[in-house]
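Structural description and commentary
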Amino acid sequence: MRLVTNSYARALLLGFSTIGSIGLLGGVQALAQESVSVRATVVKGSLPADDPAAAVWSTAAPSVFPLAPQVHWQNRIGEVTVNDVKVRALHDGKTVAILLEYQDPTEDPGDAAALEFMVGDKKAHFAHGQPMLQVEGGSVNIWYWKNQDAKGVDMNAKGFGTLKVQDQQDVQAKGVYQGGTWKVVFSRALSTGDADNDVIISPGTFINIAFAIWDGRKLDSGELKEKGSQKAVSSWWYFRAEPPADYSSYFYAVFAAAIAVGLQFAVIRKLKKGSSV
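Here we summarise the structure given alongside this text. (Residues numbered from 1 in each chain as written. Predicted model: local features only at pLDDT ≥ 70, side-chain atom pairs only at ≥ 80, totals over all residues. Heavy atoms only, no water.)

What follows is about the overall build of the chain. Of the regular secondary structure elements, the chain holds two helices and 14 strands. With 277 residues in all, the chain has 43% of them scored as buried. Considering only residue pairs separated by 6 or more positions, the chain has 65% of its internal contacts joining residues 24 or more positions apart. When the accessible surface of the chain is split by element, carbon and sulfur atoms take 57% of a total near 15,200 Å². (Helix = DSSP H or I, 4+ residues; strand = E, 2+ residues; numbered from the N terminus. Buried < 20%, exposed > 50% of the residue type's maximum accessible area, 1.4 Å probe, protein only. Contact = heavy atoms within 4.5 Å. Areas by Shrake-Rupley, 256 points an atom, 1.4 Å probe, with all protein chains shown as cover.)

In structure tokens form, the structure reads like this:
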């Protein structure tokens, strides 16, 4: 009987360790993904699409990306004000909201920020989709916000000098400045149905994303410190809207453990019957 009991205990331990291993692996994957991409987690309830300061943003894991002066277009500058940007994202299954947070010493009408995405499957350079050495060049979708306009603008480009505002505007944006920090939230439907001009965001799929920031402070000359191609930019990074939680792996692990336990009970009953004969 002691041997049977030990076997039963081992079966239980195997089942629990299987469940624990699945949970641990899932945790490791999540941490690795968080360090290299923006993850838009699913939010229950109201999405803070027009509130950069909403408390629910603290539930979204932040990712920080370096910025540097734009150097691919001739009209450029050697130094920029903003050297990195913190990014968070949330979605509710229908709409995505992306929050940019960055340090800027002054609030100015010309302050601006933008997100950039590739359109379709064709690879594009982060510099407005400009054809480069080994990148043929494809269309990019740009979500733009400027402080003095207080709204989002949906645009496209396919190379330098091709920037165009879309006829159909689907992007919303709002910025809040406080204590030397800008918080700007962009929002749009995950899919607009316009795959020729807009990025289509499918939960569970990685896409490319890039960032741009302008310090619109006026210099003594009257010129803006940063404008047009004079800006802080990033290269391409990864973005992923998380799919709804899938507990099927846990269910199968528990189901397997239950089968193992059932088999052990069957063995115990059989042994008991044999010993009573």
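This is not the end of the story, as more comes after the structure.
Attention now goes to the pairing of strand 8 (residues 151-157). Of all seven residues in strand 8, six are buried, a share of seventy percent or more. Bridge count between strand 7 (residues 140-146) and strand 8: seven bridges; the pairing is antiparallel. Within strand 8, the residue paired with W143 across the bridge is D154. Pairing geometry for strand 8 and strand 9 (residues 164-165), over two bridges, is antiparallel. The residue bridging N156 from the neighbouring strand is K164, located in strand 9. (Pairing = 2+ DSSP bridges.)

Below, the discussion takes up the pattern of salt bridges. Scanning the model with the defined rule gives four salt bridges in all. Salt-bridge contacts for E242 lead to R240; the nearest nitrogen and oxygen are separated by 2.2 Å. A residue is classified by how much of its surface remains accessible, and E242, at 11% relative accessible area, is buried. Three or more residues are tied together by salt bridges with common partners; here these are R39, R240 and E242. (Salt bridge = Lys/Arg side-chain N within 4 Å of Asp/Glu carboxyl O.)

Further remarks concern the packing of aromatic side chains. Inspection of every chain in the model, using the stated rule, returns eight aromatic pairs. Considering the side-chain rings of W145 and W182, the 5.0 Å spacing of their centres and the 70° angle between planes classify their relative orientation as edge-to-face. Here W182 lies in strand 11 (residues 181-189) and W145 lies in strand 7, a separation of 37 residues in the sequence. Both rings, one in F206 and one in Y238, keep their centres 5.9 Å apart while their planes meet at 80°; by these two values the pair is edge-to-face. Residue F206 is found in strand 12 (residues 206-214), and its partner Y238 is found in strand 14 (residues 237-241); the two are separated by 32 residues along the sequence. Look at Y238 and you get partly exposed, because its relative accessible area is 45%. (Phe/Tyr/Trp six-rings, centres within 6.5 Å; stacked < 30°, edge-to-face > 60°.)

Glycine aside, residues mostly have negative phi, and peptide bonds are mostly found in the trans state. The phi dihedral of H128 is positive, around 60°, even though this residue is not glycine. You can see H128 is positioned in the loop between strand 6 (112-118) and strand 7. Of the residues examined, H128 reaches a relative accessible area of 17% and is grouped as buried. Unlike most non-glycine residues, A150 shows phi in positive territory, near 55°. Along the chain, the position of A150 falls in the loop between strand 7 and strand 8. Judged by its relative accessible area of 56%, A150 falls in the exposed class.

Residue placement: G45 occurs in the loop between strand 1 (37-42) and strand 2 (63-66). Each C-alpha atom, one on G45 and one on D92, is 7.8 Å from the other, the two residues being 47 residues apart in sequence.

So, about the environment of D198. Relative to the elements of secondary structure, D198 occurs in the loop between strand 11 and strand 12. Taking the relative accessible area as the measure of exposure, D198 reaches 1% and is therefore buried. Sequence-wise, D198 and V140 are 58 residues apart; in three dimensions their C-alpha atoms are separated by 8.1 Å.

Relative to strand 11, strand 10 (residues 172-178) runs antiparallel, the two sharing seven bridges. Bridge pairing in strand 11 places V176 opposite K183. Linking two consecutive strands that pair antiparallel, namely strand 10 and strand 11, is a turn of two residues; a positive phi of about 60° is found at G179 within it.

If you look at the biggest cluster of nonpolar residues, it comprises 33 residues, and the most contacted ones within it are I98, W143, F186, F211 and F239. Of all the secondary-structure elements, those providing two or more residues to this core are strand 1, strand 4 (84-91), strand 5 (95-103), strand 6, strand 7, strand 11, strand 12 and strand 14. For F211, the residues in contact, after removing those within four places along its chain, are V38, F65, L67, V85, V87, L100, A114, L115, A232, V233, S234 and W237. Grouped together as the second largest cluster of nonpolar side chains are 16 residues, A114, A124, Y144 and M155 included. (Core = buried A, V, L, I, M, F, W, Y, C linked by side-chain atoms within 4.5 Å.)

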